[in-house]
There are 2 protein chains.
Amino acid sequence: MPKYVYFFGEGKAEGKGTLRDLLGGKGAGLAEMTNAGVPVPPGFTITTEVCRLFYKNKKRVPGSVKKQIDKHLHRLEKAMGSRLGDPEHPLLVSVRSGAKFSMPGMMDTILNLGLNDKTVEGLIRKTKDERFSLDCYRRFIQMFGNVVLGVEKSVFEEVLQGKKKERGIVQDIELTASDLRDLVARFKDTLRHHAKADLPQDNYRQLEMARDAVFLSWNNDRAIFYRRQYNIPESLGTAVNVQAMVFGNMGPTSGTGVGFTRNPSTGEKEFFGEYLTHAQGEDVVAGVRTPKPIRQLKGEMPLVYQELVRITQRLERHYRDVQDFEFTIQQGKLYMLQTRSGKRTGPAAVKIAVDMVQEKLIKPEEAILRVEPDQLHQLLHPRIDARANVKVIAKGLNASPGAAVGKVIFNATEAAEAGKRGERVVLVRQETSPDDIHGIAAAQGILTATGGATSHAVVVSRQMGKPCVAGCSAISIDEERGQFLANGVIVKKGDMIAIDGSTGQVMLGDVPTIQPDIQELEKGEYGKLMRWADQFRRLGVRANADIPRDAIAARHNGAEGIGLCRTEHMFFAKDRLPIMQEMILAQTPEDRKAALDKLAPMQKEDFKGLFRAMGGYPVTIRLLDPPLHEFLPKQGELIAEIQELRFSQGDRSVLHQKEILLDRVEQLHEFNPMLGLRGCRLGITMPEITRMQARSILEAACELSREKIRVYPEIMIPLVGTVEEFRHQKQIVLEVAETVFKAQGVRVQFLVGTMIEIPRAALTADEIAKEADFFSFGTNDLTQMTFGFSRDDTGKFLPKYLAEGILDFDPFVTIDQEGMGQLIRMGTEKGRQSRPDLKVGICGEHGGEPLSVGFCHTLRLNYVSCSPYRVPIARLAAAQAALREELKTKDRRPKTRRRRSKSSKS
Amino acid sequence: MPKYVYFFGEGKAEGKGTLRDLLGGKGAGLAEMTNAGVPVPPGFTITTEVCRLFYKNKKRVPGSVKKQIDKHLHRLEKAMGSRLGDPEHPLLVSVRSGAKFSMPGMMDTILNLGLNDKTVEGLIRKTKDERFSLDCYRRFIQMFGNVVLGVEKSVFEEVLQGKKKERGIVQDIELTASDLRDLVARFKDTLRHHAKADLPQDNYRQLEMARDAVFLSWNNDRAIFYRRQYNIPESLGTAVNVQAMVFGNMGPTSGTGVGFTRNPSTGEKEFFGEYLTHAQGEDVVAGVRTPKPIRQLKGEMPLVYQELVRITQRLERHYRDVQDFEFTIQQGKLYMLQTRSGKRTGPAAVKIAVDMVQEKLIKPEEAILRVEPDQLHQLLHPRIDARANVKVIAKGLNASPGAAVGKVIFNATEAAEAGKRGERVVLVRQETSPDDIHGIAAAQGILTATGGATSHAVVVSRQMGKPCVAGCSAISIDEERGQFLANGVIVKKGDMIAIDGSTGQVMLGDVPTIQPDIQELEKGEYGKLMRWADQFRRLGVRANADIPRDAIAARHNGAEGIGLCRTEHMFFAKDRLPIMQEMILAQTPEDRKAALDKLAPMQKEDFKGLFRAMGGYPVTIRLLDPPLHEFLPKQGELIAEIQELRFSQGDRSVLHQKEILLDRVEQLHEFNPMLGLRGCRLGITMPEITRMQARSILEAACELSREKIRVYPEIMIPLVGTVEEFRHQKQIVLEVAETVFKAQGVRVQFLVGTMIEIPRAALTADEIAKEADFFSFGTNDLTQMTFGFSRDDTGKFLPKYLAEGILDFDPFVTIDQEGMGQLIRMGTEKGRQSRPDLKVGICGEHGGEPLSVGFCHTLRLNYVSCSPYRVPIARLAAAQAALREELKTKDRRPKTRRRRSKSSKS
């Protein structure tokens, strides 16, 4: 029988910090702290394994587990000298979630469990504090009612506000014991009315129901959304922590707070946190009340403050990372309730990692692993242009750095919808709650009137890298009118505002922003971290760029070449589109050649620009792979125009032209353009296109080469499925090359390779590699074909697939290692069987996604290629993959770590 | 240095009959005959290997090969006592193609090579026959000019006709020596004029040019078309045979002919052939002159006839197969020029194979291997309905059996085009030539005015199973007027005629035909052969059938179950289409359910019909996988209608309805429907569809089960790419099953399996097989995704791919073993790793294609499923695959052949 429950308390824990898989982050932290002698209220952790059993077992906890829970509950009762349901010595516990990866505020918590009509009287007798005891009871009913019985929070809030109004008071704290006794009664009525249920008086039953509710909260909408955002597998499940209550609401010498050992927004080394006296934990993190900054605790309770600093600094040294901790002070005594590695913004992550190396707390390898690659995005966030003339209308807490500009929206769901439409919005809320997560994800930034910098919602904003100004008390929101007031200025829904999460400023209008100067960043911690990363990574990083401007940006971001230049993108320009249309509509090779001859000089200039920008680095140019229909008028529109011309007796010659055009558009129409006349199929049926492009590329290369500029063109044949297709196109390229070199009187080195984007190409890669100099996996198309998903059409079912867990992730974002990954592996291995030095890269959009980059590292690809702005992310992800692999094989290969030589080239 | 040239002659050959790969069929036959002491003029064979080198080496024969050729030429000269180019003793040779698989008339031949202005005089002196010598010379110039220098045949024909007109004669034979001398001069002028070249006088140069022309003819249009028809790999190449000439044109005791040891049209055991006296070989087979039946030779040259019969019967016994032979009689002496296994019609193939078993010439296993599976089609050819009132207008040779009805077309290219449009045509020609092959392939049948039953074109017709009436001298064709005259009846282009290739009759009008009675066939040789096949095959054969009528046909043809019932096909019926549209257009699950409820009882009845027809055999039913757009009006048409209604101020309410419909059609529009909301994606987003279908299937099964009819439903989930999709749908089916069984008070056994048609499904088959009871490879879609080809759109490039050899075959017809085959193998092996008894079949259209069936056998699939009419073909192909495999492994496993037990079931 496996062990399903782990005890902690009385200076010793059954679990330990390394058991996060099993105990969740919170449970592992509590065990570790207990073992380290930190004052932690005792309790026990029900493992994540039970959560999985729960879901397998029709959402019921199996009997065998229940027995273990009972055993540990008895042990807890013994340790506390009290018993659940004992009217004289009632045990009160908290019931909290805790998954392997912390998901702040996404799942549910119930405090003060153990109260009923009888035990509350016992608590009064024991604590001699009727007000406190009744406050606990009403809080319990509120949380139990919401979490377990599903009554909206606002319902209780209304009853509470009603009572306060009747009594003419403002603060909860002004409620007297008899007010609270009345409130308990009203809450019980509320339950009966809204949940059609009485509050269970059996405390054991309460515990079971609370436990199951926490398990169920693993699958609430917020949690699912969060997991999808952060690629957390659905299968992990959450643990449940049952822990003896300590009380921050036992009068002025009691309190509760949360904090960080360093500033999670900027990374500065400063003790950072917030607390409330006479309050329970949820009051601080739920964002309802704006708490006090932690430095005030130094004045209020100096001894407690000292102990807190001592303990948390010890924890930081112990865990060798910034700690995010929760504490409660019960009548002057400090208890630690949680410690975990602190969520932080991108800039803070970089600074903390580099600082800790300098403090000799960690090694550069660890620093690299401490920064989520995607977080680097935030360093490259736009900032408010310092030269702009801005109107500051309010100032709040600088809760998450960066500038955000967008329309004011007061509702998370509306923000999410506007975001889907591609609109920029700033979500403005009285306070944010975890329910708003979808709106936060869609907004450019978040502005809240109340709530501190440690509230769950702000923690999540920081993690997502969303600029946030919190606790901005200068604004008052009137949702009904759809506006807010800030120092006399009325801002309406839909108005543009800007917020600066680094300064806390709120500004009016569409304030101009500027890109951060990457070269400036290179001088600071960012530069240091990236240089370390480059030393450790083995995977090359290139960029996808079609125009010189993007190529230059790519170089600045550290790209070591262009992995994909999509030549068809060169033809969308206004002056070129008509010629491109002419080419596509041509009925004879001669007409087509005439159009191509017009395009050729433009292409050549484009290529020269790219080669110049990439001087010394390879440039992979993909031959034309246009979605033909995108260059042509729509059939439906043409039909409507023609009918109109017919009926309105319009210009006959225009009508005739339109009819001819329609005819050709219909001729070119494809049922499934994605599987139609594309890529090399076009080059094979119309070889004149391949000839023109090869000539433009090689002439450009020759001309620059004569100017002593180094060029490395790599010509890529798209959509190859059989080696014969490749051979056909390569033959044309080689013939053109000989002609060009003869005419130019100079030769340049170049490669001819192919994209592997058709399953058959991966399956027959051994054959293709006999002919091809390099492979580049086109993972966008390969995903389409491997899944049989048209990217343009997945909107009709993919959301449902993700919501129902039929897919754990969007395969167009993250490489499907299990399925398509087999084709990439096969393609690489078979290719290298035929040609051991085959250069292999990927150039789909996955090339800048960290998990996918890691997979490419594992497969020993030569490089990934991604958008210029994701190049730093790919570099860091590549370094992490190399380090993780090294960690895994350390035992087998001691001291053989290879640093990547600077001169190595992808 | 490999051996590139093989000598034969003087009773001994360097090669032998088993070297067909290297020497081609003709070369191997000549070697074998020489070794067997058959009189064969000496010569040598240049191997197919040289053909491959020729194409690799820029269409030049490498120097090292040339040396070997020279050496063997000297040997031949020595054997013949004459020399190429020697004015006194000139050697004359024929230069002929000869590939591994014979391709009658598709490639080129040059006779009488060795003549020039000087040697022709030598020949005159030697033979003392000026007329004969000059006739050889003019024939040589004609053939060399056409084959090597590319001058159209008709150009020479015109000059020849001109000369005859001048001289007022009709037959070639009436030309005198001086006429021929003049003709030689005119032909040389013709060459100069049309080919801008003189006839090379160097006979060695002539030989080189002729040899290269034969190699080049491997890639002429006819040869490419033929190879594509018969799946002959382009890479094989042809050999070239250089052989001393013997002359059938040396007067009345000379002649030439071709024949078969049995009747190739009916299979009857009778000596069959044709000959011409005073002629060269090409005269017989080119179809220009109608030759004499071979029985006349018995009277004309009894000794020669006897020897011919003796030799060819010996050859038949030696090769244990019908021989197709060519012979020449030079002044009373018989020479054999070729022997090869004879092409025959399907009925003949079956009869000969079964007869030979009864004659103890071959074993049943060999008989099975002697019939091309596709030939069985011809046995199932329609025949003229004996009860019909027909008007016979002419009678010719019954050259290839079967009835054909179609419009008269006089031109092969026109016939090919009409065929593409789906029209039925009968190609009517003065004579057919191999150039007509594309027209023959497209026509229902062929009617010729001249030419015998052994002409190349008729041989090809027979092989293709096209009914043919040849040498129908009663008709005279006037192409200019577009008509032919037959016994006073004028038949115009486009008129319907019927021909009966079994009787030689030509009939007027759209004569009714009837399907042959399969049960009648079962009683004859066909039945015998099929019963042998069933004993040897290990692969099950099922049919794809959607309606009871097809299911019954499938059973008659020997299907052992239904492998694919496409439920969407049940909804194309007129009374169901509107309900289906209603279902698709439904905006809510409720509306959809309402439509589904109307469809449910219809579905149930359909299923009952299928189960009844298949009583005792399994029926695989695929859940809905409709191409949604096929059930809806076209967008373009709707737009046009709406515009018209708008401008014509039409009915407002109709307009409004159309607008709503357009709106919905546009909502449902997909960019790539093939990769869109299909298959299980539909069932997952609209589970009510799956529920309705599962209920209909299982209710039908239960109801029949209560009637004591055995039912084996296999429910198939389409388009699965991930195991989670399958799990989702299976869950619904299982839930529905429980409900149905409870309501019906009876349980039936059923399976839930999936189609493997998405590459990802094959890649993750191990996971899917943990849940699925069976796999069925949907090779149509799998081909689409593996190649990235939309079947509806390949018309834009696939013809070019096939023509240029980028693909050797159409992967939608024959399984691409090299590429997609890997996925089928992987899917099967991985699936059986998880579930060793996993039932695996295929149900794409490949299931009835012999090569693909063979592949499925190799992979140890349980069954193939194909159209009901291809079931016999699949049965035979499966038996052949089993026997071929046994032959291969015979040495390793002596005497372990397992006959398939009759009771085994797929």
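For the structure, see preceding data.
Computed from a prediction, not measured in an experiment: that's the story for all the values here.

Asks: I'd like to hear about unusual backbone geometry, residue by residue, with values.
Replies: Here the phi dihedral of A:Leu719 falls at roughly 60°; this positive angle occurs in a residue that is not glycine. Note on placement: A:Leu719 falls in the loop between strand S28 (712–717) and helix H28 (723–744). A positive phi angle, close to 45°, is found at B:Gln331, a residue other than glycine. Positionally, B:Gln331 belongs in the loop between strand S10 (323–330) and strand S11 (333–341).

Asks: Hey, could you go over the interface of chain A and chain B for me, with residue numbers and the actual values?
Replies: Counting residues at the interface gives 54 residues for chain A, matched by 54 residues for chain B. Of the roughly 4900 Å² buried at the junction of chain A and chain B (both faces included), carbon and sulfur atoms supply 61%. Here chain A is connected to chain B by 4 salt bridges. At the surface where chain A touches chain B, the tally comes to 32 residue pairs in polar contact (both at pLDDT 80 or more). Sorting the residues of the side of chain A that touches chain B by element identifies helix H24 (635–647), helix H25 (652–668), helix H26 (679–685), H28, helix H29 (759–763), helix H31 (779–787), helix H32 (798–803) and helix H33 (820–834) of chain A as the ones contributing at least two each. It is H24(A) that provides the largest number of residues to the side of chain A that touches chain B, a total of 6 residues. Here the side of chain A that touches chain B is composed, by residue class, of 23 nonpolar, 16 polar and 15 charged.

Asks: Outline the sheet that holds strand S20 (residues 483–486) of chain A, listing residues and values.
Replies: Residue and element names in this part refer to chain A. Across the sheet, which stays open at both edges, the 3 strands sit in the order S19-S20-S21 with antiparallel pairing between neighbours. Since the sheet does not close on itself, it has two edges, and those belong to strand S19 (475–478) and strand S21 (489–492), each with one partner. The average angle at which neighbouring strand axes cross in this sheet is 20°, direction not considered. Relative to S20, S19 is paired through 4 bridges, and the arrangement is antiparallel. Counterpart to Ile 475 in the pairing with S20 is Ala 486.

Asks: For the relation of the copies chain A and chain B, give the residues involved together with the corresponding values.
Replies: It takes a turn of 179° to lay chain A on chain B, together with a shift of 0.0 Å along the axis; the resulting RMSD is 0.2 Å. What we have between these two chains is a two-fold relation. Interface residue correspondence from chain A to chain B reaches 100%, placing this contact among same-surface, isologous pairings.

Asks: Kindly report on the packing of helix H20 (residues 525–536) of chain B against helix H35 (residues 871–889) of chain B, identifying the contributing residues and their values.
Replies: Residues and elements named next belong to chain B. Interaxial distance between H20 and H35 falls to 8 Å at its minimum, and their mutual angle equals 50°. Considering the angle they form, H20 stands oblique to H35. Of the two possible hands of crossing, H20 and H35 adopt the one that is left-handed. Residues Tyr 526, Leu 529, Met 530, Ala 533, Asp 534 and Phe 536 of H20 touch H35, and the partners they reach there are Pro 872, Arg 875, Leu 876, Ala 879, Ala 882 and Leu 883. Class assignment of the residues belonging to the contact of H20 with H35 gives a composition of 10 nonpolar, no polar and 2 charged.

Asks: Provide a residue-level description of the environment of A:Gly805, including the pertinent values.
Replies: Within the secondary structure, A:Gly805 sits in the loop between H32 and H33. Using a relative accessible area of 17% as the deciding quantity, one classes A:Gly805 as buried. With 264 residues separating them in the primary sequence, A:Gly805 and A:Val541 have C-alpha atoms 32 Å apart. When neighbours within four sequence positions are excluded, A:Gly805 is seen to be in contact with A:Glu234 and B:Glu724.

Calculation rules
Residues numbered from 1 in each chain as written. Chains lettered and ligands numbered in written order. Predicted model: local features only at pLDDT ≥ 70, side-chain atom pairs only at ≥ 80, totals over all residues. Heavy atoms only, no water. Helix = DSSP H or I, 4+ residues; strand = E, 2+ residues; numbered from the N terminus. Contact = heavy atoms within 4.5 Å. Buried area = accessible area lost by both parts, 1.4 Å probe. Salt bridge = Lys/Arg side-chain N within 4 Å of Asp/Glu carboxyl O. Polar contact = N/O pair within 3.5 Å; in protein donor to acceptor, adjacent residues only side chain to side chain. Nonpolar A, V, L, I, M, F, W, Y, C, P; charged D, E, K, R; others polar. Pairing = 2+ DSSP bridges. Axes fitted to C-alpha atoms, helices over the stretch in contact; angles between N-to-C directions. Least-squares fit on C-alpha atoms with pLDDT ≥ 70 in both. Parallel < 35°, antiparallel > 145°, perpendicular 65-115°, else oblique. Left-handed = near helix turned anticlockwise from the far one by under 90°. Buried < 20%, exposed > 50% of the residue type's maximum accessible area, 1.4 Å probe, protein only.

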